[in-house]
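In case you want the letters, here they are:
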2 protein chains.
Amino acid sequence: MSQYIIAVDAMGSDQAPKTEVEAVLQLVDQFSNVTFQLFGDENKIAQYLQREHERIQVVHCTSVITGEDDAATAVRVKKDSSMAQAIMAVRQKNAHAVISSGNTGAYLSGSTLLLGRLKGIHRPALASTMPTTKKGQNMVFLDLGAISDGSEKNIFQNAIMGQQMAKILLGVKQPRVALLNNGTESKKGSESYVAAHQMLANETAIQFVGNIEPRDMFDGGCDVVTCEGFAGNITLKSLEGMQKAFIEVLTQEVKQRFGAKIGYLLMKPALRGLKNRLDYRKIGGAMMVGLKAPAIKAHGGSDTEAFASAIKMAVMVVEKDLTTSIATAITEATQS
Amino acid sequence: MSQYIIAVDAMGSDQAPKTEVEAVLQLVDQFSNVTFQLFGDENKIAQYLQREHERIQVVHCTSVITGEDDAATAVRVKKDSSMAQAIMAVRQKNAHAVISSGNTGAYLSGSTLLLGRLKGIHRPALASTMPTTKKGQNMVFLDLGAISDGSEKNIFQNAIMGQQMAKILLGVKQPRVALLNNGTESKKGSESYVAAHQMLANETAIQFVGNIEPRDMFDGGCDVVTCEGFAGNITLKSLEGMQKAFIEVLTQEVKQRFGAKIGYLLMKPALRGLKNRLDYRKIGGAMMVGLKAPAIKAHGGSDTEAFASAIKMAVMVVEKDLTTSIATAITEATQS
């Protein structure tokens, strides 16, 4: 069995390094071929590292990149930070993948800068597995916001990369790829979306199922939804906004009604089930795709369970060599 | 008291003309200064027009524009349709405003073509009042999708038009205007959003509160959210998508649990309250802004109550002369 090393930025999450260390402790026995390198403040890490383990290593780092740091320059300015050091470990081939919950912008810029783009890739993308309303069926959604001025070429390459993710992470043999858009007709959307539709429709290596409107994207009719990062990020944050508004207003409405209060208590397990199923952050991490090595991004608000599922994603991506699959698929696509 | 005439396309909604006729009957006594002209099949309209009324007129039309008709050409190809005739009534100054639940694309193109743009307006926009999580506090959101290749100029003018809508329809004296974006920093977003941010920040006639991410747009921190139509439509449909997914998954989760089923029954009134408060279609119609006369758009799935609230919006827009307010504000804005 091949041995792998995962570089973990232990200082990125809101509860860092507790979340990161607990997630690693939870998984270390399950993944007997994986060594975890925890990058961060060794004293703080030691507080949560309840037991020594030969496959858990700590690499002391003297600083942390925070939300205040400038995204574009953070890893260069704070070379000694846990995030920069963890990415550097992969760059120097001392680890196979990096994972962080820290400053998203800094991580996107930093991983792109230090790991580099795969040959043929115009721009990397931030991709995530997302739930559908069909239980147990997930999909891949990208770009979630790595690039905010993406062109039809980016949308097209995102489709290719998403297709490989769906194959490898979701086990879908022939992923159905849809283009996010504001209508189903081929001429819908802004200029780059009309052009991307044409490219996707002409590409034999893609099973293109046409445009999908965000209101239908959770119905389970596709395995990959591709777009550029501006619309992708707007979509993602709209989904969060409606979830937030839904819960806020439901709470207000329940409070006004005595019967509803009892109903709410009885429904709590179902509401928890709902929340777990629709929260994309619970079903794995996001990742930068299009780079020479995997960089997984867990949400800043991750709890141990969410961070652990992001680590599982990292291990799977490394074991199945998603990077090589993407590199090959991009080379083979006729319009890259 | 001034007398007004509202031209109603009676054949547009899913239940047409029942919905339209019932809504007019519901409102005719309340608005004693308004005459309603119902455009459509006179036999079908007669089925629902339970009583004669001197301020309800029926104008027989021999065809209907459906969802199958080509949006760009529908009102020209079907000149005798209820939608085209209702818009024509306003064009010929026989009515003060038009309202329809029919084919959105056809209505947008048709009203733009037949009514014409206000002087100084680059492109019209589709605007709607939207709920917030603060009970009783609504906001204006535009462009919802009239234009899918809008520039910073459109985003800027949408802000001016939305500001007038908020003043007149929501009664907000100094509307706070926000720019939809994927981050709060001024440099965030695609090229046209960065440029629009600058224009808005420089405009003294606007109380600009900066960028707003869709996840925060319902919090009540602004009265107007401006954007171009592609991101606007994607946002709107993402909100619908999450609402749909929420209800679908909640139903699945409740069905699995006996206690939750009882809880669900007890919570039904609260869930109905939630639905009514978050459904933007319930709180008034959308409208085309930037045209020489008001064209109100009710949702195709409108029930009587929803269509009636769209009619109320039409009356208010006419009585308060929103069109002149917009024309004046556009002329006065320094960067139009």
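Please read all numbers here as calculations on a predicted model, not as lab measurements.

## Quick look at the overall build of chain A
Within chain A one finds 11 helices and 11 strands. In terms of C-alpha radius of gyration, chain A reaches 20 Å, essentially the compact-globule figure of 20 Å for 336 residues. In terms of overall dimensions, chain A has C-alpha extents of about 60 × 55 × 40 Å along its principal axes. Relative to its 336 residues, chain A shows a buried fraction of 55%. A sequence separation of at least 24 residues applies to 70% of the contacts in chain A between residues at least 6 apart.

## Regarding the pairing of strand E10 (residues 286-289) of chain A
Residue and element names in this part refer to chain A. Side-chain alternation along E10 places Ala286 and Met288 on one buried face and Met287 and Val289 on a second face that is also buried. As judged from the four bridges shared by strand E5 (residues 125-131) and E10, these two strands associate in the antiparallel manner. Paired with Leu126 across the bridge in E10 is Met288. Inspection of the sheet shows E10 paired to strand E11 (residues 295-297) by three bridges, in the antiparallel sense. Within E11, the residue paired with Met287 across the bridge is Ile296. The turn joining E10 and E11, which pair antiparallel and follow one another in sequence, is formed by five residues; a positive phi near 100° is taken by Gly290.

## What about the sheet that holds strand E1 (residues 4-9) of chain B?
Residue and element names in this part refer to chain B. The strand order across the open sheet built from 11 strands is E3-E2-E1-E4-E11-E10-E5-E6-E9-E7-E8, with neighbouring strands paired in mixed fashion. In this open sheet, the two edge strands, each paired with only one partner strand, are strand E3 (56-60) and strand E8 (207-212). Mean inter-strand twist for the sheet, computed between neighbouring axes without regard to direction, equals 25°. Two strands pair when backbone bridges link them, and E1 and strand E4 (residues 97-100) are joined in this way by three bridges, in the parallel orientation. Following the sheet pairing, Ala7 is matched in E4 by Val98. Against the sheet, helix H7 (residues 191-202) contacts strand E7 (176-180) and E8, and its axis sits at roughly 165° relative to E7.

## Thoughts on H7 of chain B
For an α-helix, 3.6 residues make a turn, and residues three or four places apart therefore share a direction. Residue and element names in this part refer to chain B. Taking 1.5 Å of rise per residue, the 12 residues of H7 would be expected to cover 16 Å, and the 17 Å separating its terminal C-alpha atoms lies within 8% of that figure. Residues Ser192, Tyr193, Ala196, His197, Met199 and Leu200 constitute the buried set of H7. The elements touched by buried residues of H7 are helix H6 (152-170), E7 and E8.

## With respect to the interface of chain A and chain B
Taken together, the contacts link 50 residues of chain A with 50 residues of chain B. Elements that contribute at least two residues to the side of chain A that touches chain B include exactly helix H8 (229-255) and helix H9 (258-278) of chain A. No other element matches H8 of chain A, which puts 21 residues into the side of chain A that touches chain B. Partitioned by chemical class, the residues of the side of chain A that touches chain B number 22 nonpolar, 15 polar and 13 charged.

## What about the domain arrangement of chain A?
It is common to give the size of an interface as the accessible area that goes away when the parts come together. Residue and element names in this part refer to chain A. You can read the domains of chain A as domain 1 (1-121 + 290-323) and domain 2 (126-285). Between domain 1 and domain 2, the C-alpha centre-to-centre distance is 25 Å. Residue-level contacts link 16 residues of domain 1 with 13 residues of domain 2. For the side of domain 1 that touches domain 2, the secondary-structure elements that each account for two or more residues are E11 and helix H10 (304-319). Residue composition of the side of domain 1 that touches domain 2, grouped by class: 10 nonpolar, four polar and two charged.

## Observations regarding the relation of the copies chain A and chain B
Turning chain A through 180° and shifting it by 0.0 Å along the axis lays it on chain B, with an RMSD of 0.0 Å. The symmetry that links the two subunits is that of a two-fold axis. For chain A, the smallest separation between a C-alpha atom and the rotation axis is recorded for Gly263 of chain A, amounting to 1.8 Å. A share of 100% of the interface residues of chain A reappears at the interface of chain B, consistent with the copies meeting face to face through the same patch.

## Some thoughts on the pairing of strand E2 (residues 34-40) of chain B
Residue and element names in this part refer to chain B. Of all seven residues making up E2, six are buried, and the element is well covered by its neighbours. Two strands pair when backbone bridges link them, and E1 and E2 are joined in this way by six bridges, in the parallel orientation. Each residue of the ladder has a partner; that of Tyr4, found in E2, is Val34. A crossover connection joins E1 to the parallel E2 through helix H1 (residues 18-27); in handedness this β-α-β unit is right-handed. Relative to E3, E2 runs parallel, the two being bridged by five bridges. Residue pairing across strands places Phe36 opposite Ile56, the latter belonging to E3. Handedness of the E2-helix H2 (residues 42-48)-E3 crossover: right-handed.

## Side note on the environment of Ser238 of chain A
For Ser238 of chain A, the position within the fold is in helix H8. A residue is classified by how many C-beta atoms lie within 10 Å of it, and Ser238 of chain A, with 26 of them, is buried. Separated by 27 residues in sequence, Ser238 of chain A and Leu265 of chain A have C-alpha atoms that sit 28 Å apart. The contacts of Ser238 of chain A, once residues within four sequence positions are left out, are Pro214, Thr235, Ser238 and Leu239 of chain B.

## Focus on the packing of H8 of chain A against H9 of chain A
Residues and elements named next belong to chain A. Running from amino to carboxyl end, H8 crosses H9 at an angle of 170°, the nearest separation of the two axes being 12 Å. As the angle between them shows, H8 and H9 are arranged roughly antiparallel. In this structure, H8 uses Gln243, Glu253 and Val254 to contact H9, whose residues at the interface are Ala260, Lys261, Tyr264 and Leu278. When grouped by side-chain class, the residues that make up the contact of H8 with H9 number four nonpolar, one polar and two charged.

## Let's talk about the packing of H9 of chain A against helix H9 (residues 258-278) of chain B
Two numbers describe how H9 of chain A lies on H9 of chain B: the axes approach to 7 Å, and their chain directions differ by 135°. Accordingly, the angle class assigned to the pair H9 of chain A and H9 of chain B is oblique. Between H9 of chain A and H9 of chain B lies a crossing of left-handed hand. Residues Gly259, Ala260, Ile262, Gly263, Tyr264, Leu266, Met267, Pro269 and Ala270 of chain A of H9 of chain A pack against Gly259, Ala260, Ile262, Gly263, Tyr264, Leu266, Met267, Pro269 and Ala270 of chain B of H9 of chain B. Classifying every residue of the contact of H9 of chain A with H9 of chain B gives 14 nonpolar, four polar and no charged.

## Details of the confidence of the model for chain A
Mean pLDDT over chain A stands at 93; residues scoring 70 or higher make up 99%. For this predicted complex, the interface confidence score (ipTM) comes to 0.87, while the overall pTM stands at 0.90.

## Brief notes about the sheet that holds strand E8 (residues 207-212) of chain A
Residues and elements named next belong to chain A. Within the open sheet, the 11 strands sit side by side as E3-E2-E1-E4-E11-E10-E5-E6-E9-E7-E8. Their pairing is mixed. Each having just a single partner strand, strand E3 (56-60) and E8 make up the two edges of the open sheet. Adjacent strand axes in the sheet meet at a mean angle of 25° when their direction is disregarded. This element, helix H1 (residues 18-27), spans strand E1 (4-9), strand E2 (34-40) and E3 of the sheet and lies at about 170° to E2. Along the sheet, helix H7 (residues 191-202) makes contact with strand E7 (176-180) and E8, crossing E7 at roughly 165°.

Rules behind the numbers
Residues numbered from 1 in each chain as written. Chains lettered and ligands numbered in written order. Predicted model: local features only at pLDDT ≥ 70, side-chain atom pairs only at ≥ 80, totals over all residues. Helix = DSSP H or I, 4+ residues; strand = E, 2+ residues; numbered from the N terminus. Rg over C-alpha atoms; globule rule 2.2 N^0.38 Å. Buried ≥ 20, exposed ≤ 12 C-beta atoms within 10 Å, placed from the backbone. Contact = placed C-beta atoms within 7 Å. Pairing = 2+ DSSP bridges. Axes fitted to C-alpha atoms, helices over the stretch in contact; angles between N-to-C directions. Expected span 1.5 Å × (residues − 1). Nonpolar A, V, L, I, M, F, W, Y, C, P; charged D, E, K, R; others polar. Domains from an automatic or database assignment. Least-squares fit on C-alpha atoms with pLDDT ≥ 70 in both. Right-handed = clockwise from strand over helix to strand, strands pointing away. Parallel < 35°, antiparallel > 145°, perpendicular 65-115°, else oblique. Left-handed = near helix turned anticlockwise from the far one by under 90°. pLDDT = per-residue confidence, 0-100.

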